[in-house]
Amino acid sequence: MPRFLKEFFDRNGLGIGSLMLGLVLFWTIGLIILPQLSMLDFSFRPNLPPPEIGGPKDVYTMENYRYLVFGPEGGSQSYNAVDLKVFYRTLIAAIFVTIFNLILCYPIAYYLAQTKGNHIRIFALMLIIPYWINEILRAFALRIIFGETGVLNNLLVAAGIFDTPFDFVRNDIALYAGLGYAYILLMIFPIYNVIESLDRNQIEAARDMGASWPMIHRRVVIPYAKPGISSGCTMVFMLSAGALAAPQILGGPSSLWFTQLIYQQFNDNSDWPQGAAYAVVLLVTCILLVLALMRVFKVNMGDIGK
Amino acid sequence: MSAGVGVDLENLWIRFGDFVAVRDANVNINGGDFFSFLGPSGCGKTTILRAVSGFLDPSDGRVLIGGNDMKGIGPNKRPTALIFQNLALFPLMKVWENITFSMEIKGASAKERRKRADELLDMIALPGQGDKLPSELSGGQRQRVAIARALCAEPDVLLLDEPLSALDLKLRQHMRTELREIQKRVGITFIYITHDQGEALTMSDNIAVMRAGVIDQIGNGKAIYNDPATAFAASFVGENNVFRGKVKRMMGSEALIETNRSGDLVARISSANQGRLKEGDAAMMFIRPEAFALAPDGASGDHFVTARVNHEEFEGNTFNIFMEGEGGKELKVAIPNLGQSFEDHTGQSITLEYEAQNAVVVPAGELAAE
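Residues numbered from 1 in each chain as written. Chains lettered and ligands numbered in written order. Predicted model: local features only at pLDDT ≥ 70, side-chain atom pairs only at ≥ 80, totals over all residues. Heavy atoms only, no water.

A. Fine view of the overall build of chain B. Each helix and strand in chain B was counted, giving nine helices and 20 strands. Counting only C-alpha atoms and orienting by the principal axes, one finds that chain B spans roughly 80 × 50 × 35 Å. Nonlocal contacts in chain B, meaning residues at least 24 apart in sequence, comprise 67% of its contacts between residues at least 6 apart. For chain B, the separation between the mean place of its 39 positive charges and that of its 49 negative charges on side chains is 6 Å. (Helix = DSSP H or I, 4+ residues; strand = E, 2+ residues; numbered from the N terminus. Contact = heavy atoms within 4.5 Å. Lys, Arg positive; Asp, Glu negative; His and termini not counted. Charge placed at Lys NZ, Arg CZ, Asp CG, Glu CD.)

If you want it as structure tokens, here you go:
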């Protein structure tokens, strides 16, 4: 038995230890790894009616992946331009949402972490309580704000800033705002956690030596907060790229999110293998992108857990 | 020694709400001095340091550095460098980057900074350690890096907030000497905060003794130790035996004190209280353990104290006798060990003598907590 397992059982006893270990293994293997493997398996199979499953036509194939890149066989275009464009746009938009969230959340997290007093607890509550409302309702609330006859347009037109209502939905502003807002806490809290442990004396020492505030952030706070920043960015990016409700409700008619394509394959086309292949491509691409960026910014996997 | 830049505190008050952290402090620190603020924790000494460095605005009064009022000048614009109690080295920067951070701010090239870092590393006797991280150094080495980082900014005044308190005893004593050496070499003004009277006495040109926001006495080490101005200063700096009583008769620079327990005793009036202490005033008389000598049995008079011995101990350089004292506090006597024979007096009543000039009397006041 490896040493960490032995220590684990020594500390918790055999009964409780086995129970805890069993539950964790059930969670990771039973609820995450096995279903994902089954999706992976689906993605390499043809879409067959139930009687033919397991029959002679049920063989492994790359067809579903080929479809994403080249489109239907014998189609008019040499590439599946529509789906690829959606895929590419989704990733770019998720990156954009992540950067936007980081710029918005870093000052909030810094302020929360470095200020003392009871009002901080109230601020934190004000950030948390809106999340008691479910995601769909929050998205519709944003629709009310951003809609063509919505609150924001009424105000802007009444104030004379716009002559005619601006279509926030068609221009994707509502979507970005919705996605940004949906994951704001996942960006704030990891950064907050790290900055809270930053010794205030370090900021004062830098200040004492003549550093300006931008310099203090660049050289002292941000390097220290890097694990929190990477953790927050990873979560926000992954979840934005995989979001469904916000694009569905707040997206303009012409802007599909890649998850909506996946949803259509599963639900409207009843083509699970095709949907699974799209989902696998999205997942793998996101993971590779995150790993590549971690390399660029010299972040260790262990830091993400902080 | 170079002239250095002086620091003056003029009628300085610092309040936090209703709490007065510093009460009407007036201090003139000469340029190039090693000046210590000595006092127990919570006495306001760190608050003064923060006011000098600019992290805190005085509620009233002025802070002057080199004669210039520092009002409205932020910590990043003052000619001071602060060494924090926990050093506050930047953990993610290498040692050389830490040291030259102030140059980086001014936009110096990496090459210049590296060169300066190497010079400073030589000065603090850590040559070739520039590429390490602070976490790879020992406590004493980190201490020296913090000093080098502060000196790299070429401040006129270096402020030190109990920087030795985290070190073990041996290293602390070593660093005392080293700090003093560095101060002499660079010739700038050092303002040092400590609760350790040994540190203050060994390193400082001048010391301010602080109690509960008030500066009780300013003077050099000898003056503070030999000629305390208040009961607090007498009891906080070094070991001291207190005799409570009142002034019975003034005798020029000396006074006869009617003590509560040990009869009438003679003592020198501390210079700060000459002409201020009057007959009938409540007074406290202090005699250091080493100022006593054993007297022949039966001797009596105004410089003899008789009491029962509770217990004795041998400390190597001294024989310590603990006798019944006032209010449950023991009277401590230290007889130097010069190789003489020394009999055990436990349980006996013995008589001690002292010279009037070694006993000092001040107005009755608050004593330092044990």
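B. The arrangement of the sheet that holds strand β13 (residues 264-269) of chain B in detail. Residue and element names in this part refer to chain B. Strand order around the closed barrel formed by five strands is β11-β12-β13-β20-β14, with mixed pairing between neighbours. Here the average twist between neighbouring strands, direction ignored, is 55°. With five bridges joining them, strand β12 (residues 254-259) and β13 adopt antiparallel strand pairing. Looking at the pairing, L256 lines up with V266 of β13. (Pairing = 2+ DSSP bridges. Axes fitted to C-alpha atoms, helices over the stretch in contact; angles between N-to-C directions.)

C. Fine view of the domain arrangement of chain A. Along its sequence, chain A is carved into domain 1 (1-29) and domain 2 (58-304). Of note, the centres of domain 1 of chain A and domain 2 of chain A, computed from C-alpha atoms alone, are 36 Å apart. (Domains from an automatic or database assignment.)

D. Up close: the packing of helix α11 (residues 213-241) of chain A against helix α14 (residues 272-296) of chain A. All names here are of chain A. The N-to-C vectors of α11 and α14 enclose an angle of 160°; their axes lie 11 Å apart at closest approach. Taken as axis vectors, α11 and α14 run roughly antiparallel relative to one another. Considering the relative orientation of α11 and α14, their crossing is right-handed. When α11 is examined against α14, the residues T234, F237, M238 and A241 are found in contact with a partner set consisting of L282, C286, I287, L289 and V290. Residues belonging to the contact of α11 with α14 are distributed by class as follows: eight nonpolar, one polar and no charged. (Parallel < 35°, antiparallel > 145°, perpendicular 65-115°, else oblique. Left-handed = near helix turned anticlockwise from the far one by under 90°. Nonpolar A, V, L, I, M, F, W, Y, C, P; charged D, E, K, R; others polar.)

E. Representation of the packing of aromatic side chains. In the structure shown here, the tally under the stated rule is 22 aromatic pairs over all chains. Taking the centre distance of 5.0 Å and the plane angle of 70° together, the rings of F166 of chain A and F168 of chain A count as edge-to-face. Grouping aromatic residues by their ring pairs yields a cluster made of F146, F162, F166 and F168 of chain A. Positioned above the aromatic ring of F90 of chain B, the side-chain terminus of R149 of chain B is 4.7 Å from the ring centre. (Phe/Tyr/Trp six-rings, centres within 6.5 Å; stacked < 30°, edge-to-face > 60°. Lys NZ or Arg CZ within 6 Å of the ring centre and 35° of its normal.)

F. Representation of the pattern of salt bridges in the model. Here the structure, examined in full by the defined rule, presents 26 salt bridges over all chains. As a salt-bridge pair, K45 of chain B and E162 of chain B come within 3.4 Å of each other at their nearest N and O atoms. Pair noted here: K45 of chain B is in helix α1 (residues 45-53) and E162 of chain B is in the loop between β7 (157-161) and α6 (169-186), with a separation of 117 residues, a long-range link. As far as the burial class goes, K45 of chain B and E162 of chain B line up, both buried. Two residues, K332 of chain B and E239 of chain B, come together in a salt bridge whose shortest N-O distance is 3.0 Å. Here E239 of chain B lies in the loop between α9 (231-236) and β11 (241-251) and K332 of chain B lies in strand β18 (residues 331-336), a separation of 93 residues in the sequence. The network of salt bridges with shared partners includes R219 of chain A together with E97, E104 and R113 of chain B. (Salt bridge = Lys/Arg side-chain N within 4 Å of Asp/Glu carboxyl O. Buried < 20%, exposed > 50% of the residue type's maximum accessible area, 1.4 Å probe, protein only.)

G. View of the side chain of R180 of chain B. Mapped onto the secondary structure, R180 of chain B falls in helix α6. In this structure, R180 of chain B is in contact with F34, M203 and D205 of chain B, ignoring residues within four places of it in sequence.

H. Inspection of the confidence of the model for chain A at higher detail. When the pLDDT values of chain A are averaged, the result is 88; 99% of them are 70 or greater. The least confident element of chain A, judged by mean pLDDT, is helix α15 (residues 301-304) of chain A at 76; the most confident is α11 of chain A at 93. (pLDDT = per-residue confidence, 0-100.)

I. How the structure looks around the domain arrangement of chain B. In terms of domain boundaries, chain B breaks down into domain 1 (7-226) and domain 2 (239-363). The centre of domain 1 of chain B, based on its C-alpha atoms, is set 38 Å off from the matching centre of domain 2 of chain B.

J. Quick look at the interface of chain B and chain A. Each side of the interface is counted separately: chain B has 22 residues, and chain A has 17 residues. Regarding the contact of chain B and chain A, the summed buried area is about 1,800 Å², with carbon and sulfur atoms giving 60% of it. On the chain B side of the contact with chain A, N76, F101 and I105 of chain B bury the most area, a combined 26% of that side's loss. Inspection of the chain B/chain A interface yields three salt bridges. Remark: the boundary between chain B and chain A carries seven residue pairs in polar contact (both at pLDDT 80 or more). Counting only elements with at least two residues in the side of chain B that touches chain A, the list comes to α1, β6 (80-83) and α3 (101-105) of chain B. Examining the composition of the side of chain B that touches chain A, we find that four residues originate from one element, α3 of chain B, more than from any other. (Buried area = accessible area lost by both parts, 1.4 Å probe. Polar contact = N/O pair within 3.5 Å; in protein donor to acceptor, adjacent residues only side chain to side chain.)

K. Local environment of α6 of chain B. Residue and element names in this part refer to chain B. If you check α6, its first and last C-alpha atoms are 26 Å apart, about what 18 residues at 1.5 Å a residue would give, namely 26 Å. Every buried residue of α6 is listed here: R172, M175, R176, E178, L179, R180, I182 and Q183. Where α6 is buried, its residues touch β3 (34-38), α4 (110-123), α5 (139-152), β7, β8 (189-194) and α7 (197-203). A positive phi of about 70° marks G187, the residue just after α6. (Expected span 1.5 Å × (residues − 1).)

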